[in-house]
Amino acid sequence: MLSWLLLLCSAGVIAAQSQPYGFGQPATAADTAQKDLTVFPNGKGLPSGKGTADQGATIYKEKCAECHNEKGEGRPGQYPALVGGIGSLTSAKPLKTVGSFWPHATTVWDYIRRAMPFDHPRSLSADEAYAVTAFVLHLNGLVERTQELNEKTLPAVKMPNRDGFVPDRRPDIKSKR
Amino acid sequence: MTEELTPPRRRFLALGASLAGAVVACRKAPAPSESGAHMRGYGERSPHEKSVRVVRELTKSLGTGSSRTPLGELHGIITPSALHFERHHSGVPALDPAAHRLLVDGLVERPLTFSLDDLKRFPSASRVCFIECGGNSIGEPGANLPDVQKSHGLLSCSEWTGVPLSIVLKEAGLKPEATWMIAEGADAGRMSRSIPVSKALDDAFLAYAQNGEALRPEQGYPLRLLLPGWEGNTNVKWLHRLQLVDQPAMSAKETANYTDLMPDGKAQQFTFVMEARSVITRPSGGQKLAGPGFHEITGLAWSGYGKIARVEVSTDAGQTWADAELQAPVLSKAAVRFRYPWRWDGKETVIACRCTDETGYLQPTRDEFIAVRGLNSGYHYNGIKPWRVNADGTVTHA
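What comes next concerns the included structure.

## Details of the overall build of chain B
Along the backbone of chain B there are six helices and 24 strands. Radius of gyration (C-alpha) of chain B: 24 Å, near the 21 Å computed for a compact globule of 398 residues. Counting only contacts in chain B whose residues sit at least 6 apart along the sequence, the fraction spanning at least 24 positions is 70%. Counting every atom, chain B has about 16,600 Å² of accessible surface; 56% of that belongs to carbon and sulfur. Here chain B holds 45 positive side-chain charges and 43 negative ones, and the gap between their average locations is 5 Å.

Shown next, in the form of structure tokens:
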């Protein structure tokens, strides 16, 4: 009875009482830290760190070029290109790449950190991710060799297709019978 | 499966097998037994049945491709779990259900983690619904794909069981600012998608079972997000985090992929709903009619907006259309089987079907689709698919 009262007084149980079922465990900061990968276009979620394209060139050569090729041109039918296609989106053969299509530099950083190198994802440190992202953006002519990317400057990189997206406007096809 | 047998039973079986071997070795040409096969712990189909998914890798890194359901060889509306289409971006992870945790955090009153056992204690719900890859039929508007497995095989339909997501979110307590939810999988690439909270509270659920048993590894074992009617990629597999936020993440798979590039160079984004479509699965490309006379025309129709209201069939290249019979049950956001009795006169013709859903949405023709979205939108193609029945009974694309 006493321990029951003690329990009732503890914050945990009071919180649990507003839970309809009381299932699950309170998540700790460590639970979140373990899975905390999401980066938003405004830079929210970016860890502190820094890197330049010059620094990224070495990392790219070692960890990316095997698949995406020396200059990010990819390997047709095998690995996607990371460059090219700027201005091609209205053509008969649009080429969608980081440079021509991706609207936010933060997405490039987020994707590289979570999913690349394909066979060793999440092996890059934050500094390495800034550097290699800078290099990929440099290959696309979007940042200078020595321009430092960090949690402040990365979201400010203007991507060519920044305004290339519109919300879902379907049903947009009015069929006739 | 063998791994699931307890050790004593496994030993018993092994002993039985070696005894049986010894007996066979002593006997001289015994008359083959006419009694049937023994029972078995986990069933397999007849060795005569050969339908398989067709696997296509999209890059040299294995596990970045898709495998397509052989729709032309299946019956009814439920796809056998072993033939459910697959589309992965970083392979199929091997997850231990005992160690798996779903983290619900961000803009919630009580960030929580749930084990599978926790989730199974909540009130459960089952629902039959289709899942169709947003990229089903990529290429179809520009080039006629030759058979229904290639053209439509990234569609499957299962009975899914799990817990309504609204219940789980209530447990964590949504803050009023929470308008989006980032769903992330535990696959190697930690694939993630931003989902409006309105959908999460509407009919979304967390599925741990498919067609009566645990999810298949390829379908997200042990836990996946189920968003009825929405493109396959948003039904995040191997789900390990729901992060409640006030804006979309603009993740790679909702910007670089699964967006619809329009002729003016702009791309429609967050095009979640799979719009209504239908296709004849028999007779369809690659099949052959045995000869003139009765043939049932059958196929599937489905709509991410709701229930299918009507399917019409034409056997004269679209000059006339007649209603097909819809097989009960006709469920919202599920595949519906339709049937149309046909007497083939043995002459070359073109057959096709088209559907209408309960919202009045009409499945467009190929030309109507292309007129609005052009040839480069890639995703979400839902045009009418005609098949040519040739005089020799073969069926090809039309």
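Next comes the rest of the account.
## A closer look at empty space enclosed by the protein
All told, the structure shown has four cavities of 30 Å³ or more when counted by the stated rule. Put simply, the largest cavity is a space of about 210 Å³. Along its surface, the largest cavity is lined by 19 residues, and Arg87, Met191, Gly232, Asn233 and Lys237 of chain B are the ones closest to its centre. The residue makeup of the lining of the largest cavity, split by class, is seven nonpolar, eight polar and four charged. Approximately 120 Å³ is the volume attributed to the second largest cavity. Surrounding the second largest cavity, 16 residues form its lining, Tyr111 and Ala115 of chain A together with Gly189, Met191 and Lys253 of chain B being those nearest its centre. The leading source of residues in the lining of the second largest cavity is helix α6 (residues 105-115) of chain A, at four residues.

## Here's the deal with the interface of chain A and chain B
Taken together, the contacts link 57 residues of chain A with 74 residues of chain B. Summed over both sides, the interface of chain A with chain B buries roughly 5,500 Å², with 55% coming from carbon and sulfur. Per-residue buried area on chain A facing chain B is highest for Phe23, Arg170 and Arg177 of chain A; these three make up 15% of the total on that side. Where chain A meets chain B, there are five salt bridges. The salt bridge involving Arg373 of chain B is made with Asp172 of chain A; its shortest N-O contact spans 2.8 Å. Counting across the chain A and chain B interface gives 33 residue pairs in polar contact (both at pLDDT 80 or more). Secondary-structure elements contributing two or more residues to the side of chain A that touches chain B are β1 (25-26), α3 (29-35), α6 and β4 (165-167) of chain A. Taken together, the residues of the side of chain A that touches chain B sort by class into 27 nonpolar, 16 polar and 14 charged. Relative to strand β5 (residues 112-114) of chain B, β1 of chain A runs antiparallel, the two being bridged by two bridges. Bridge pairing in β5 of chain B links Gln25 of chain A to Thr113 of chain B.

## Some points on the nonpolar core
Grouped together as the largest cluster of nonpolar side chains are 43 residues, with contacts concentrated most on Val104, Leu165, Leu206 and Leu225 of chain B. Mapped by element, the contributors of at least two residues to this core are β4 (102-106), β5, α2 (116-121), α4 (165-172), β8 (180-185), α5 (197-202), β10 (205-210) and β13 (239-245) of chain B. Broken down by element, this core gets its largest block of residues, five residues, from α4 of chain B. The contact partners of Val104 of chain B, leaving out residues within four places of it in the chain, are Pro111, Leu112, Phe114, Val168, Leu169, Ala172, Leu242 and Leu244 of chain B. Counting 36 residues, the second largest nonpolar core, distinct from the first, contains Leu46, Ala65, Leu89 and Val108 of chain A.

## Points about the side chain of His295 of chain B
All names here are of chain B. Counting through the fold element by element, His295 comes out in strand β17 (residues 293-302). From its side chain, His295 meets the backbone oxygen of Gly291 in a polar contact 2.7 Å long. Apart from residues lying up to four places away in sequence, His295 is in contact with Leu289, Ala290, Tyr340, Pro341, Trp342 and Trp344.

## With respect to the sheet that holds strand β18 (residues 308-314) of chain B
Read from one edge of the open sheet, five strands run β19-β18-β22-β23-β24 (chain B), paired in antiparallel fashion. Lying at the two open borders of the sheet, with one neighbouring strand each, are β19 (322-323) and β24 (395-397) of chain B.

## Thoughts on the pairing of β13 of chain B
Residue and element names in this part refer to chain B. With seven of its seven residues buried, β13 lies for the most part within the structure. Where β4 meets β13, four bridges bridge the pair, whose relative direction is parallel. Considered in β13, the bridge of Gly106 is made with Leu244. Bridge count between β8 and β13: six bridges; the pairing is antiparallel.

## Some points on the side chain of Gln219 of chain B
If you trace the backbone, Gln219 of chain B turns up in the loop between β11 (213-214) and β12 (224-226). Leave out the neighbours within four places in its chain, and Gln219 of chain B touches His84, Phe85, Glu86, Trp160, Gln210, Arg224 and Lys237 of chain B.

## Regarding the layout of surface pockets
Roughly 290 Å³ of internal volume is contained in the second largest pocket. Taken together, Tyr42, Gly43, Glu44, Arg45, Ser51, Val52, Arg53, Pro80, Ser81, Ala82, Leu83 and Arg216 of chain B make up the lining of the second largest pocket.

## As for α6 of chain A
Most of α6 of chain A sits inside the fold, with 10 of its 11 residues counted as buried. Residues of α6 of chain A that are buried include every one of Ala105, Thr106, Thr107, Val108, Trp109, Asp110, Ile112, Arg113, Arg114 and Ala115 of chain A, and no others.

## Some remarks on the environment of Glu296 of chain B
All names here are of chain B. Looking at where Glu296 falls in the secondary structure, it is placed in strand β17. Sequence separation between Glu296 and Gly232 is 64 residues; the distance between their C-alpha atoms is 30 Å. Once residues within four sequence positions are removed from consideration, Glu296 is found in contact with Arg282, Pro283, Arg339 and Tyr340.

## Structural notes on the packing of helix α4 (residues 53-63) of chain A against helix α7 (residues 126-139) of chain A
Residue and element names in this part refer to chain A. α7 packs onto α4 with a crossing angle of 95° between their chain directions and a minimal axis gap of 7 Å. As far as their axial angle goes, α7 and α4 are roughly perpendicular. In this structure, α4 contributes Ala53, Gln55, Gly56, Ala57, Ile59, Tyr60 and Lys63 to the contact, and α7 contributes Glu128, Ala131, Val132, Ala134, Phe135, Val136 and His138. Tallied by class, residues from the contact of α4 with α7 come to nine nonpolar, three polar and two charged.

## Digging into the environment of Lys253 of chain B
With respect to the secondary-structure elements, Lys253 of chain B resides in the loop between β13 and β14 (260-261). For the pair Lys253 of chain B and Thr234 of chain B, spaced 19 residues apart in the sequence, the C-alpha separation amounts to 9.2 Å. The contact partners of Lys253 of chain B, leaving out residues within four places of it in the chain, are Tyr111 of chain A together with His89, Met191, Ser192, Arg193, Asn233 and Tyr258 of chain B. A distance of 3.3 Å separates the side chain of Lys253 of chain B from the side chain of Asn257 of chain B, its partner in a polar contact.

## Comments concerning the environment of Ile173 of chain A
Mapped onto the secondary structure, Ile173 of chain A falls in the segment after β4. Counting along the chain gives 133 residues from Ile173 of chain A to Phe40 of chain A, while the straight-line C-alpha distance between them is 32 Å. Other than its neighbours up to four places away in sequence, Ile173 of chain A contacts Pro364, Glu368, Phe369, Val372 and Arg373 of chain B.

About the thresholds
- Residues numbered from 1 in each chain as written.
- Chains lettered and ligands numbered in written order.
- Predicted model: local features only at pLDDT ≥ 70, side-chain atom pairs only at ≥ 80, totals over all residues.
- Heavy atoms only, no water.
- Helix = DSSP H or I, 4+ residues; strand = E, 2+ residues; numbered from the N terminus.
- Rg over C-alpha atoms; globule rule 2.2 N^0.38 Å.
- Contact = heavy atoms within 4.5 Å.
- Areas by Shrake-Rupley, 256 points an atom, 1.4 Å probe, with all protein chains shown as cover.
- Lys, Arg positive; Asp, Glu negative; His and termini not counted.
- Charge placed at Lys NZ, Arg CZ, Asp CG, Glu CD.
- 1 Å grid on protein atoms, 1.4 Å probe; cavity = no way out; pocket = protein on both sides within 12 Å on 5 of 7 lines; lining within 4 Å.
- Points joined across faces, edges and corners; volume = space filled by probe spheres on them.
- Nonpolar A, V, L, I, M, F, W, Y, C, P; charged D, E, K, R; others polar.
- Buried area = accessible area lost by both parts, 1.4 Å probe.
- Salt bridge = Lys/Arg side-chain N within 4 Å of Asp/Glu carboxyl O.
- Polar contact = N/O pair within 3.5 Å; in protein donor to acceptor, adjacent residues only side chain to side chain.
- Pairing = 2+ DSSP bridges.
- Core = buried A, V, L, I, M, F, W, Y, C linked by side-chain atoms within 4.5 Å.
- Buried < 20%, exposed > 50% of the residue type's maximum accessible area, 1.4 Å probe, protein only.
- Axes fitted to C-alpha atoms, helices over the stretch in contact; angles between N-to-C directions.
- Parallel < 35°, antiparallel > 145°, perpendicular 65-115°, else oblique.

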